[in-house]
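Each chain, written out:
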Number of protein chains: 4
Amino acid sequence: MSKTIRGIVPPVVTPLHEDYRFDKGSYEKLIEHLIGGGVDGLFVLGSSSEVVFSTDARRDEIVKAAVEFNRGRVPILVGVIDTETNRVIEHIKRAVDLGADAVVATAPFYALQTMTEVEEHFRLLAEASPVPVWAYDIPVCVHTKLPGDLMLRLGKEGVLAGVKDSSGDDVAFRQLALDNQDAGHPLSLLTGHEVVVDGAYMSGADGCVPGLGNVDPAGYVKQWQAYQAGDWETVRSEQDRLARLMRIVNVKGVGGFGAGIGSFKTALWLLGIFETNQMPQPVKALSGENIEHVRAVLREADLLN
Amino acid sequence: MSKTIRGIVPPVVTPLHEDYRFDKGSYEKLIEHLIGGGVDGLFVLGSSSEVVFSTDARRDEIVKAAVEFNRGRVPILVGVIDTETNRVIEHIKRAVDLGADAVVATAPFYALQTMTEVEEHFRLLAEASPVPVWAYDIPVCVHTKLPGDLMLRLGKEGVLAGVKDSSGDDVAFRQLALDNQDAGHPLSLLTGHEVVVDGAYMSGADGCVPGLGNVDPAGYVKQWQAYQAGDWETVRSEQDRLARLMRIVNVKGVGGFGAGIGSFKTALWLLGIFETNQMPQPVKALSGENIEHVRAVLREADLLN
Amino acid sequence: MSKTIRGIVPPVVTPLHEDYRFDKGSYEKLIEHLIGGGVDGLFVLGSSSEVVFSTDARRDEIVKAAVEFNRGRVPILVGVIDTETNRVIEHIKRAVDLGADAVVATAPFYALQTMTEVEEHFRLLAEASPVPVWAYDIPVCVHTKLPGDLMLRLGKEGVLAGVKDSSGDDVAFRQLALDNQDAGHPLSLLTGHEVVVDGAYMSGADGCVPGLGNVDPAGYVKQWQAYQAGDWETVRSEQDRLARLMRIVNVKGVGGFGAGIGSFKTALWLLGIFETNQMPQPVKALSGENIEHVRAVLREADLLN
Amino acid sequence: MSKTIRGIVPPVVTPLHEDYRFDKGSYEKLIEHLIGGGVDGLFVLGSSSEVVFSTDARRDEIVKAAVEFNRGRVPILVGVIDTETNRVIEHIKRAVDLGADAVVATAPFYALQTMTEVEEHFRLLAEASPVPVWAYDIPVCVHTKLPGDLMLRLGKEGVLAGVKDSSGDDVAFRQLALDNQDAGHPLSLLTGHEVVVDGAYMSGADGCVPGLGNVDPAGYVKQWQAYQAGDWETVRSEQDRLARLMRIVNVKGVGGFGAGIGSFKTALWLLGIFETNQMPQPVKALSGENIEHVRAVLREADLLN
């Protein structure tokens, strides 16, 4: 397995039983669905994997199952999301013990801080981690945008191996990608914005972490291969198709995580991969007309009869 | 011990050794300093107690020490700060096992949400908790402002026992206090804004959780007693004095938690209560001219020779 | 007329005819209502006066009418709200020509900026203005919080004569008030937060600019006089009464300016001072049950039979 | 001249003399530079044209000069940026009188509002305007993000002719572009983000409003023509080249408008098109090493010897 992680690395959604227990059977089916679709890696315990809703015991269950079902086929990145350095280091240790190939950490959150603390945080994580550390740039959740020059400096020094960009800032991403290229490409740059992956590829992204890739991994793999082949028309038309599929999230009366991950889980349930569309407390599963909405979009996309 | 918690309840700062171990000896001295100053309760594992920097093991160490050194003299509120419901419930269980009289929880954070999830979150916490649950309204950290009508409704239903208000929104606090009074005072309302406690008392606050109260507990106790006695001139003049003391946080080149708690710890160190002003990783302790700044303000306040 | 402006200075709401013309007759009645209630000044063309909705010609109409109806009885502050320096200077010139005793300017807005430009802006305004310049600190509208040290420095240099604080940041206001006092009180500090004026007086405010003072000027005057007399219980009880009256803004299905000023105008209409509750385009006047809500709150406050 | 405005429409920067007068001679040279570079239209009085710094008289001077120097060669869009409806309508009337082919308006700003007022605002503008109205989606300046469904609905009803997107939200732009396409393309969609135009073209943008296009219009025209020809490799490589040129804005000690437009003006001055790099008050022109930085980037881009 190459050390460089690139290509399609979906953030693996976590199936639950109705009574909130982890649904290991459905998880195996999902992982087969993803690897069968051709993905290049798995991102476990990302935001979409309900990492912040999961107790430490639940996190361990998920990582163990991912490693078991993956059978060494693709690299596994494990999210080690927590508020501050010492708590994150504990997650790193457990993730590595359980078989993580790399770990993905956000800026510290909750406490007020300056960039001095953010930089020190990543340095301390890298010191403590026997596997590569990725930065997860997700200001909508942690309320800190990682500056491009900070990430690049840490990349050049070997502190960071890559960046999962969910910043929503395509302008900053372009400049980071250019600067990274000019510096010899120390960082692997994956975009998390599944409806504008074509733009990220134009900017030089090394791959994608598409939440929607849980539903249609083959589409993102097809797009990636077209990008590798320089077939930009396919990159673009596949993106348009997938952006239309993303309309599953346009549910009513529900917002945030409940709408986004709720619709992914509902789609996986309707596709027969999950046994329920249960969501972690305190979030409610989609119901009623929202389920019908997801069904209608899947049908329009020819993913469901 | 009365069930109602009111009056002066400082958020107890956590002393560290140089090598980041918990400094139990200094902690005992601080608790004596606080209870000796006349405080009405202790708030342990609040934001100022570096709760989000502390591993679960460290959190337990702190709660155990607080319970031990308190010797039942005042009620102990324990912060159970974590991202989402299930993780918070685990903290509640451990805190109660260790002797918490009440627990203090924020809105869920990190995941995007609506008020539906926020309300369900508090309901699930209350179901799981054998001790009273307090809401901690701290949008600067969790990026959700708890609406007054939500808090009041949960108060009337017995889900919430009180609110620790660090919202920075004195207008909303006034309206909550009025509505709470009109509803028969179901919630105990404590303000966390230590330089405008007099305004909060005008609004009808039931007490205060002053970070600066670690440094000068007797001042806040004096102000509280003046308020109880209707001596508003003392309420005000004591507040002016304490607001001047708060200038210890005006350090240079340092911001956020590092400036705020950094200066409190430095003051406690200069006052001989702490053995170091060490801060939790990745935050640096104050040094050089910033220490001299804290010393100068303490001297001007006649707290140091 | 003293040069120092302090006490109760309501932001005068602007009455409109149904067809959106300025209703000069109602304006005269409102000004008599305010001066009759004992106010110490008038703030014309503030945010509550719909300044940003008003063309330059309309702004002039309003200032002229205010000067005419005031008949020199109290000082008139005129808002000169516009995006950047040169546009504001034009407003200053017209306001002074029409009789303004002082002008009130915000930080520049719309263009991205640093504090360097904010400071230069106020210096240029002061150079261009023959009357005192006040800073209007209203981040909710201009998205810049004026730093206390900047305002105080400009106060000490004679660039600024005062501050109208609508920052919603009572902590910063306290520190500004203390620093201002320690510096010899160069700035007159008026709070715009009408439900926590008692807290602002505790902090040392020199007066208040209460939007709700359009509806009940005598209440704010009574509270101010109690403050001057050291009668804090009256300061507080009057505030509680006025905060309950402020519930007129709790209308349904309407938000922002439409709810706030919409309810003030509706109250003035129900009280017989205005002929309509018309709002400036594109805002709709309150209607239906929202009018009944305002009426009910006025009755509960014994302002209406 | 076709009614549909598409392709490259730079926001024309406004040259000033040292004493802040409008520099008509340099403006003519800039317009020749742009039209000579092959642009498809001119956007006058946009944010980059210092519209909010300009008095009404200055705005008129600029529009008159643009119409005069353009000599009917390309369509002219005129920004009518002001706080609320009635003020904007005045700008529309003057712009149309002076020869605007279309007007560009933002959401109302300064006053707090809901989407009800935003929608009514655009409807009132369209009623009052004899020329097509474009929406300018620029939340970083007006603090309101225009919702895609609102813009599309107004497009289908003929209220809006197009959108100038400076939202920084490429995800929303993709969904708007798809929805617009599915609805028969009622809106012309131009992106304002000059370093990720290739991504916007992937999303189906109808053109670009590049501030940097003042400096290198031919580059953006070349990229546009490559897009029209389906030559995606050129689209991308030209974007990379232009993104590197955008590094002129990375000046030190200066931020916001002063850094962005300041570096554009400095480049135009170094290129001999402008006579000064003067900025509107209260902004300072770039100086010293920042000028050298701009010069170095222009040289690296082979735009300067």
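By convention here, each chain's residues receive numbers from 1 onward along its written sequence. Both sets of labels track the order of writing: A upward for chains, 1 upward for ligands. In view of the model being predicted, local features appear only for residues whose pLDDT reaches at least 70, and side-chain atom pairs are presented and counted only at 80 or more, with totals across whole chains, interfaces and linings using the full set of residues. Side-chain descriptors were evaluated using all non-hydrogen atoms of the structure, hydrogens and water having been removed beforehand.

As annotated in an unreviewed UniProt entry, chain A carries the name Dihydrodipicolinate synthase family protein and comes from Mobiluncus porci. Among the UniProt annotations of chain A, the heading Sequence similarities (unreviewed entry) holds the following wording: "Belongs to the DapA family." UniProt positions are given in the numbering used here, feature names are shortened, and annotations may be inferred rather than shown by experiment.

**Q** Would you mind showing me how to read the sheet that holds strand 5 (residues 133-137) of chain C here?
**A** Through backbone hydrogen bonds, the strands of a sheet pair up, either in parallel or in antiparallel fashion. Residues and elements named next belong to chain C. Taken in spatial order, the eight strands of this open sheet run 1-8-7-6-5-4-3-2, and their pairing is parallel. Both outer strands of the open sheet, strand 1 (7-8) and strand 2 (42-44), are each paired with one neighbouring strand and no more. For strand 2 and strand 3 (residues 76-79), the ladder comprises three bridges, and the chain directions are parallel. From the neighbouring strand, V44 faces strand 3, where its bridge partner is V78. Think of it this way: DSSP has to see at least two bridges between two strands before they count as a pair. The way it works is that DSSP assigns letters per residue, a run of H or I at least four long becomes a helix, a run of E at least two long becomes a strand, and they are numbered from the N terminus.

**Q** Explanation requested: the relation of the copies chain D and chain C in the structure shown.
**A** Both copies of the chain are related through a single rotation about an axis accompanied by a shift along the same axis. When the copies are overlaid, the least-squares fit takes in C-alpha atoms only where the residue has pLDDT of at least 70 in both copies. When chain D is fitted onto chain C, the two copies agree to an RMSD of 0.0 Å after a turn of 180 degrees and an axial shift of 0.0 Å. The superposition operator between the copies reduces to a two-fold rotation axis. By definition in these notes, contact holds between two residues if any of their heavy atoms fall within 4.5 Å. Of all interface residues in chain D, 100% are interface residues in chain C too; the two copies therefore contact each other through one and the same surface.

**Q** What is the right way to look at the environment of A226 of chain B in this model?
**A** All names here are of chain B. With respect to the helices and strands, the residue A226 is situated in helix 9 (residues 217-228). Burial classes follow relative accessibility: with a 1.4 Å probe on protein chains only, a residue under 20% of its type's maximum area counts as buried, one over 50% as exposed, and anything between as partly exposed. Here A226 falls in the buried class, since its relative accessible area comes to 7%. Those residues in contact with A226 that sit more than four places away from it in its chain are D231, T234 and V235.

**Q** Whenever I open this one, helix 4 (residues 115-128) of chain C confuses me. Can you help?
**A** Every α-helical turn comprises 3.6 residues, leaving residues that sit three or four positions apart pointing alike. Helix span is expected to be 1.5 Å times the residue number reduced by one. Counted at 1.5 Å a residue, the expected span for helix 4 of chain C with its 14 residues is 20 Å, and the 20 Å between its end C-alpha atoms agrees. The complete set of buried residues in helix 4 of chain C reads E117, V118, E119, H121, F122, L124 and L125 of chain C.

**Q** Can you walk me through the interface of chain B and chain A in this structure?
**A** By convention, interface size is frequently given as the accessible area that disappears when the constituent parts associate. Of the residues lining the interface, 40 residues belong to chain B; the matching set on chain A comes to 40 residues. Buried area: the accessible area, evaluated with a 1.4 Å probe, that two parts lose upon being put together, summed over both parts. Buried area between chain B and chain A, both sides added, is near 3,600 Å², and the carbon and sulfur share of it is 60%. If you sort the residues of chain B by the area they bury against chain A, R87, Y110 and P282 of chain B come out on top, with a joint share of 24%. Salt bridge, as used here, is a side-chain nitrogen of Lys or Arg placed within 4 Å of a carboxyl oxygen of Asp or Glu. Our count for the chain B to chain A interface comes out at six salt bridges.

**Q** How do you make sense of the arrangement of the chains when you look at a structure like this?
**A** At the level of C-alpha atoms, the two units chain A and chain C stay apart, their nearest approach being 17 Å. Considering only C-alpha positions, the minimal separation of the non-contacting chain B and chain D is 16 Å.

**Q** For this particular structure, what's the right way to read the interface of chain D and chain C?
**A** In this assembly, 40 residues from chain D lie in contact with 40 residues from chain C. In total, about 3,600 Å² of surface goes out of reach between chain D and chain C, with carbon and sulfur atoms giving 60% of it. The tally of links from chain D across to chain C stands at six salt bridges. Across the salt bridge formed by K284 of chain C and E120 of chain D, the nearest N and O atoms sit 3.4 Å from each other. What qualifies as a polar contact is a pair of N or O atoms within 3.5 Å, subject to a donor-acceptor requirement within protein and to the restriction that residues adjacent in sequence count only when both atoms come from side chains. Here chain D is connected to chain C by 15 residue pairs in polar contact (both at pLDDT 80 or more). Going through the elements one at a time, helix 2 (56-70), helix 3 (85-98), helix 4 (115-128) and helix 5 (139-142) of chain D are the ones with two or more residues in the side of chain D that touches chain C. Within the side of chain D that touches chain C, the residues separate by chemical class into 16 nonpolar, 15 polar and nine charged. Amino acids are sorted into nonpolar (Ala, Val, Leu, Ile, Met, Phe, Trp, Tyr, Cys and Pro), charged (Asp, Glu, Lys and Arg) and polar (every other residue, Gly among them).

**Q** Is there a simple way to think about the UniProt feature "active site" (unreviewed entry) in chain A in this case?
**A** Mapped onto this structure's residue numbering, the UniProt feature "active site" (unreviewed entry) falls at Y136 and K164 of chain A. In summary, the annotated positions, though distributed over 29 residues, converge in three dimensions, the widest C-alpha pair being only 4.8 Å. Using a relative accessible area of 2% as the deciding quantity, one classes Y136 of chain A as buried. Not counting the four nearest positions on each side in its chain, Y136 of chain A is found in contact with F43, G46, S47, I81, V104, A105, T106, A107, L146, K164 and S166 of chain A together with Y110 of chain B. Among the structural elements, K164 of chain A can be located in strand 6 (residues 162-165). Each residue touching K164 of chain A, except ones within four places of it in the same chain, is listed here: F43, W134, A135, Y136, D137, L190, G192 and V209 of chain A.

**Q** When you look at unusual backbone geometry in this model, what are you seeing that I'm missing?
**A** The general pattern is negative phi for most residues beyond glycine and trans for most peptide bonds. Q281 of chain B connects to P282 of chain B through a cis peptide bond whose omega is 5 degrees. Structurally, P282 of chain B can be placed in the loop between helix 11 (256-270) and helix 12 (289-300). Of note, H143 of chain C is a non-glycine position whose phi angle comes to about 65 degrees, a positive value. We classify H143 of chain C as partly exposed; its relative accessible area is 41%. Positive phi outside glycine occurs at D302 of chain C, with the angle close to 60 degrees. With respect to the secondary-structure elements, D302 of chain C resides in the segment after helix 12 (289-300).

**Q** I'm lost on the sheet that holds strand 5 (residues 133-137) of chain A in this one. Help?
**A** One open sheet accounts for eight strands, arranged 1-8-7-6-5-4-3-2 (chain A); its pairing is parallel. Either end of the sheet is taken by a strand with one partner, and the two such strands are strand 1 (7-8) and strand 2 (42-44) of chain A.

**Q** Which parts of the structure should I look at to understand the UniProt feature "binding site: pyruvate" (unreviewed entry) in chain A?
**A** All names here are of chain A. Per the UniProt record, "binding site: pyruvate" (unreviewed entry) is found at V209. V209 sits in the buried class, given a relative accessible area of 3%. Those residues within four positions of V209 in sequence are excluded, and the remaining contacts are V9, P10, P11, F43, K164, L190, T191 and G192.

**Q** I keep staring at the relation of the copies chain B and chain A and nothing clicks. Help me out?
**A** The two copies are related by a screw motion: chain B maps onto chain A through a turn of 180 degrees and a shift of 0.0 Å along the axis, at an RMSD of 0.0 Å. Of the residues that chain B buries at the interface, 100% are likewise interface residues in chain A, meaning the two copies contact each other through the same surface.

**Q** Any chance you could explain the packing of helix 11 (residues 256-270) of chain C against helix 12 of chain C here in plain terms?
**A** The relative placement of two packed helices comes down to the angle between their axes together with the axis-to-axis distance. All names here are of chain C. Only the stretch in contact is used when a helix axis is fitted, and all axes are lines through C-alpha atoms; the angle between N-to-C directions ranges over 0 to 180 degrees. Packing of helix 11 against helix 12 leaves a shortest axis separation of 10 Å and a crossing angle of 65 degrees. Between helix 11 and helix 12, the interaxial angle falls into the category roughly perpendicular. Our pair here, helix 11 against helix 12, has a crossing hand that is right-handed. Contact residues: S263, T266, A267, W269 and L270 in helix 11; I291, V294, R295 and L298 in helix 12. Class assignment of the residues belonging to the contact of helix 11 with helix 12 gives a composition of six nonpolar, two polar and one charged. Any angle that falls under 35 degrees is termed roughly parallel, while one over 145 is termed roughly antiparallel, one within 65 to 115 roughly perpendicular, and all others oblique. Crossings are classed by handedness, with left-handed meaning an anticlockwise turn of the near helix from the far one by less than a right angle and right-handed meaning a clockwise turn.

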